[in-house]
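# Remarks on the overall topology
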Amino acid sequence: MTQVSLETLIAGARAGLLVSFPTDTVPALAAIPEMAELIFAAKQRSQDKPLILMAASAEDLWPYVKGSEDEYKIWQEIVDKYWPGALTLVLSASERVPKVMNLIDPTTIGIRVPKSAIAQTILKETGPLATTSANLSGQPPLKTMAEIEATFSQVLVATTECQDEMPGIGVPSTVAKWTGIDWQILRQGAIKLDFATGN
């Protein structure tokens, strides 16, 4: 598939096609959550590796997670401090999350709001997308749209003209899981976390 305009990419994503676009970390391979199995197939990825739900705002993501009122307050504090940015939060999944996004533990889902103008533009139009890094499973993340286009012929790739912003830092997001009591770092990535709350 050739590189396409943002309008074509957004329309394709809404229609259930695989798409790829830059983010603030590494380029994303994405699809609407209901079509998440396309990502596993394209990457030749084991289904025991969960995908991340990415959106333009925390408000778009809250319906996909569930917790107590106190937990939402704690999560909102972290989100206010680190989003948009390279932090993925693993929280309890609501019924809205398709099981295919995390077959090994469908009770949880990773969520993130990227600090990337192009990603934000796309996600505002498509709504939350199932995402992962754009690479074949076990290979390093691909860094450019041209590399992604060459590797994934079936994917709609954002045009290079869209890249008027700084490229991603090339380091994956930090992943923190809520245990019900506190945070557990699953992957130390671009953001060094400080979970000291202001109380």
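Now for a description of the structure that goes with this document. Treat the numbers as computed from the prediction; the structure is a model and nothing was measured.

Okay, the nonpolar core next. Core analysis: the largest hydrophobic core is formed by 62 residues, its most contacted members being F21, W83, L89, L91 and I111. If sequence neighbours within four positions are ignored, F21 has contacts with L9, P27, A28, A30, A119, I122, L129, M145 and A158.

Applying the stated criterion across every chain, the model contains three salt bridges. For E125, the salt bridge identified is with R14, shortest N-O distance 3.5 Å. With E125 in helix α5 (residues 117-126) and R14 in helix α1 (residues 6-14), the pair connects residues that are 111 residues apart, well separated along the chain. Judged by its relative accessible area of 42%, E125 falls in the partly exposed class. Its salt-bridge partner being R112, residue D24 comes within 3.0 Å of it at the nearest N-O pair.

Along the chain, T174 falls in strand β9 (residues 174-178). Among the polar contacts listed, one links the side chain of T174 to the backbone nitrogen of G189, at a separation of 2.9 Å. What T174 contacts, discounting residues up to four positions off in sequence, is A86, L87, T88, R187, Q188, G189, A190, I191 and L193.

The two faces of a sheet get side chains in turn, since along a regular strand they alternate between them. With five of its five residues buried, strand β6 (residues 108-112) lies for the most part within the structure. Taking every second residue as pointing to the same face, both faces of β6 are buried, with T108, G110 and R112 on one and I109 and I111 on the other. Sheet topology note: the strand β4 (residues 52-54)/β6 ladder contains three bridges and is parallel. When the sheet's bridge partners are listed, L53 is paired in β6 with I111. For strand β5 (residues 87-92) and β6, the ladder comprises four bridges, and the chain directions are antiparallel. Bridge pairing links V90 to G110 in β6.

So, on to the packing of α1 against α5. Packing of α1 against α5 leaves a shortest axis separation of 9 Å and a crossing angle of 45°. Relative to α5, α1 is oriented oblique. The chirality of how α1 crosses α5 is right-handed. Within the contact between the two elements, α1 uses L6, L9, I10, A13 and R14 and α5 uses I118, T121, I122, E125 and T126. Each residue belonging to the contact of α1 with α5 can be placed in one class, and the counts come to six nonpolar, two polar and two charged.

Taken in spatial order, the 10 strands make up an open sheet running β1-β8-β2-β3-β7-β4-β6-β5-β9-β10, and their pairing is mixed. What marks the edges here is a single partner per strand, and that holds for β1 (3-4) and β10 (183-187). Its contacts with the sheet place α1 against β1, β2 (19-21) and β8 (156-158), and it is angled at close to 140° to β8.

This brings us to helix α4 (residues 69-82). Each turn of an α-helix holds 3.6 residues, which means side chains three or four residues apart point in the same direction. Between the first and last C-alpha of α4 there are 20 Å, a value that for 14 residues agrees with the 20 Å anticipated at 1.5 Å per step. All of the buried residues along α4 are E71, W75, I78, V79 and Y82. Buried residues of α4 fall within an arc of 100° about the axis and therefore sit on the same side. In α4, the exposed positions that point more than 90 degrees away from the buried face belong to E69, D70 and D80. In this fold, the buried residues of α4 make contact with α3 (58-61), β5, β9 and β10.

The rules behind the values
Every chain is numbered on its own, with residues counted from 1 as its sequence reads. Local features in this predicted model are restricted to residues whose pLDDT is 70 or higher, and side-chain atom pairs enter the listing and the counts only when it is 80 or higher, whereas totals over whole chains, interfaces and linings include all residues. Only hydrogens and water are set aside; all other atoms, that is, all heavy atoms of the structure, feed into the side-chain values. As used in this record, nonpolar core signifies buried Ala, Val, Leu, Ile, Met, Phe, Trp, Tyr and Cys residues forming a set joined through side-chain atoms within 4.5 Å. For each residue, the accessible area found with a 1.4 Å probe, counting protein chains only, is set against the maximum for its type, and the residue is called buried under 20%, exposed over 50%, and partly exposed in between. Working rule for contacts: check all heavy atoms of both residues, and any pair within 4.5 Å makes them a contact. Take a side-chain nitrogen of Lys or Arg and a carboxyl oxygen of Asp or Glu: if they are within 4 Å of each other, that pair is a salt bridge. Going along the chain from the N terminus, every DSSP run of H or I of four or more residues is numbered as a helix, and every run of E of two or more is numbered as a strand. As used in this structure description, the phrase polar contact means that two N or O atoms lie within 3.5 Å; if the pair is within protein, one of them must be able to donate a hydrogen and the other to accept it, and residues adjacent in sequence are counted only when both atoms belong to side chains. Strand pairing is assigned whenever DSSP identifies at least 2 bridges connecting the two strands. As a rule, the C-alpha atoms of each element are fitted with a line to give its axis, helices using only the stretch in contact, and angles between N-to-C directions run from 0 to 180 degrees. Here roughly perpendicular refers to angles of 65 to 115 degrees, roughly parallel to angles under 35, roughly antiparallel to angles over 145, and oblique to all remaining angles. Less than a right angle of anticlockwise turn of the near helix away from the far helix marks a crossing as left-handed, whereas a clockwise turn marks it as right-handed. Throughout this entry, Asp, Glu, Lys and Arg are counted as charged residues, while Ala, Val, Leu, Ile, Met, Phe, Trp, Tyr, Cys and Pro are counted as nonpolar. The remaining residues, Gly among them, count as polar. What a helix is expected to span follows from its residue count: subtract one and scale by 1.5 Å. Note: the arc covers the axis-to-C-beta directions of the helix.

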